[in-house]
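Residue-level listing of the chains:
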Amino acid sequence: MKLVTFSHRGRTSIGKLVGHQVVDLPASDPTLPPTMLELLQAGPAALERARAVNPERAVTFPLADVRLEAPVPNPSKFLAIGMNYRKHRQEAIDAGMTVPDSQVWFNKQVSCVHGPYDPVQLPRASDKVDYEAELGVVIGRRCRHVSVADAASVVAGYTVMNDVSVRDWQMRSPTMTLGKSFNTHGPVGPWIVTADEVPDPHALRLRMLVNGEIRQEVGTGEMIHNIWDQIAYLSTVMTLEPGDLIATGTPSGVGVAMKPPQFRKLGDVMRVEIDGIGHIENVCVAEPA
């Protein structure tokens, strides 16, 4: 399934995409929860009820008539791994960063979560805004101490992410969190492709285009630490909850590593594509007064 959070005529709901129609799940089956977070929290049985909703007897809207929101607008956590592709890791080393051998994690504060096609703000505080195309993982059940062998079983599905980064603020703190968490700097979507429809998340093609020009492109199999290793590592430390978002790393080609560095300007269009998942596209606008 492709699960969406959408708005239509002032009402927000959750649905599944069938062709070019969005099936409104709670309107079609009142036993289903009204939000994506609650649907994921309700577990496999709720997802099976959602899958069973017959679009021919359901409340549907044309995809063109709805506004797609971030699939999980209110996750409890938004975790991101840094320098998880070898060439990008070398970019960081060349920029003078100290890169440990262990997995490098930081938080994107959940207030940055943003719609898949909504404008990204260039903040007044900096002119060094950059892009990072990433495959996103959505956790499907509450878990702790997950083994590498069992990690796939806790994944609800996959989505597309842009880890928008404010580079000067990123470098002000070893945690990188401030530079990763400006408002609107976590566009996610356009939907969650459930794990059963992604046979191998390490066999996908990921790319970033800026104003139509390819800036990043990689196969997800080139990750240094694969998704299962990431989940095992994180769950050693913390309980992962349904709806938690994991950004699995970005490849080389970020703007800060160009010579000279190239940062986003007003009107720039950032488009992240992942074959088999979908794409998100965000135009850069000024932060409002």
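The shown structure was predicted, so the numbers you read here are calculated from the model rather than taken from an experiment.

What counts, and at which threshold
- Residues numbered from 1 in each chain as written.
- Predicted model: local features only at pLDDT ≥ 70, side-chain atom pairs only at ≥ 80, totals over all residues.
- Heavy atoms only, no water.
- Core = buried A, V, L, I, M, F, W, Y, C linked by side-chain atoms within 4.5 Å.
- Buried < 20%, exposed > 50% of the residue type's maximum accessible area, 1.4 Å probe, protein only.
- Contact = heavy atoms within 4.5 Å.
- Pairing = 2+ DSSP bridges.
- Helix = DSSP H or I, 4+ residues; strand = E, 2+ residues; numbered from the N terminus.
- Axes fitted to C-alpha atoms, helices over the stretch in contact; angles between N-to-C directions.
- Phe/Tyr/Trp six-rings, centres within 6.5 Å; stacked < 30°, edge-to-face > 60°.
- Lys NZ or Arg CZ within 6 Å of the ring centre and 35° of its normal.

Undergrad: Which parts of the structure should I look at to understand the nonpolar core?
TA: Within soluble globular proteins, side chains that are nonpolar tend to cluster in buried spots. Tyr158, Ile227, Ile231 and Ile277 are the most contacted members of the largest nonpolar core, which totals 48 residues. Setting aside its immediate chain neighbours within four residues, Ile231 contacts Ile139, Val146, Ala151, Val154, Val155, Leu240 and Ile246. In terms of nonpolar packing, the next biggest core, distinct from the first, is built from 34 residues, Met1, Ala92, Val104 and Met176 among them.

Undergrad: It is not clear to me how the sheet that holds strand β15 (residues 205-210) should be interpreted in this structure. Could you clarify?
TA: For sheets, the rule is that strands pair by backbone hydrogen bonds, running either parallel or antiparallel. With respect to topology, five strands assemble into an open sheet ordered β9-β19-β18-β15-β16, the strand pairing being mixed. For this open sheet the edge positions go to β9 (120-122) and β16 (213-219), each flanked by a neighbour on one side alone. Between one strand axis and the next, the sheet turns through 20° on average, direction left out of account. Across five bridges, the pairing between β15 and strand β18 (residues 269-274) is antiparallel. Across the sheet, the residue bridging to Met208 is Val272, located in β18.

Undergrad: In this structure, what is going on with the packing of aromatic side chains? I would like to understand it.
TA: The way to describe two aromatic rings as a pair is by their centre distance and the angle between their planes. Applying the stated criterion across every chain, the model contains two aromatic pairs. With 5.9 Å between their ring centres and 55° between their planes, Phe6 and Phe61 make a pair best called tilted. With a gap of 55 residues between them, Phe6 in strand β1 (residues 2-8) and Phe61 in strand β4 (residues 60-62) connect regions that are remote in the sequence. Relative accessible area serves as the criterion here: at 15%, Phe61 is assigned to the buried category. Aromatic side chains Trp169 and Phe182 sit 5.7 Å apart centroid to centroid with 85° between the ring planes, which places their arrangement in the edge-to-face category. You can see Trp169 sitting in helix α5 (residues 167-170) and its partner Phe182 sitting in the loop between α6 (177-180) and β14 (186-194), a full 13 residues away along the chain. In this structure, Lys108 packs its charged tip against the face of Phe78, placed 5.9 Å from the ring centre.

Undergrad: Sorry, what's going on with the pairing of strand β12 (residues 155-162) here?
TA: Within a regular beta strand, the side chains point alternately toward one face of the sheet and then the other, so they alternate between its two faces. Most of β12 sits inside the fold, with eight of its eight residues counted as buried. Pairing of β12 with β14 involves four bridges; the strand directions are antiparallel. Considered in β14, the bridge of Met161 is made with Val188.

Undergrad: Is there a simple way to think about unusual backbone geometry in this case?
TA: In this chain, Gly189 is followed by Pro190 through a cis amide linkage whose omega measures -5°. Along the chain, the position of Pro190 falls in strand β14. Of the consecutive residues Lys259 and Pro260, the connecting peptide bond is found in the cis state with omega at -5°. Counting through the fold element by element, Pro260 comes out in the loop between β17 (245-247) and β18. The residue Arg9 is not glycine, and still its phi comes out positive at about 55°.

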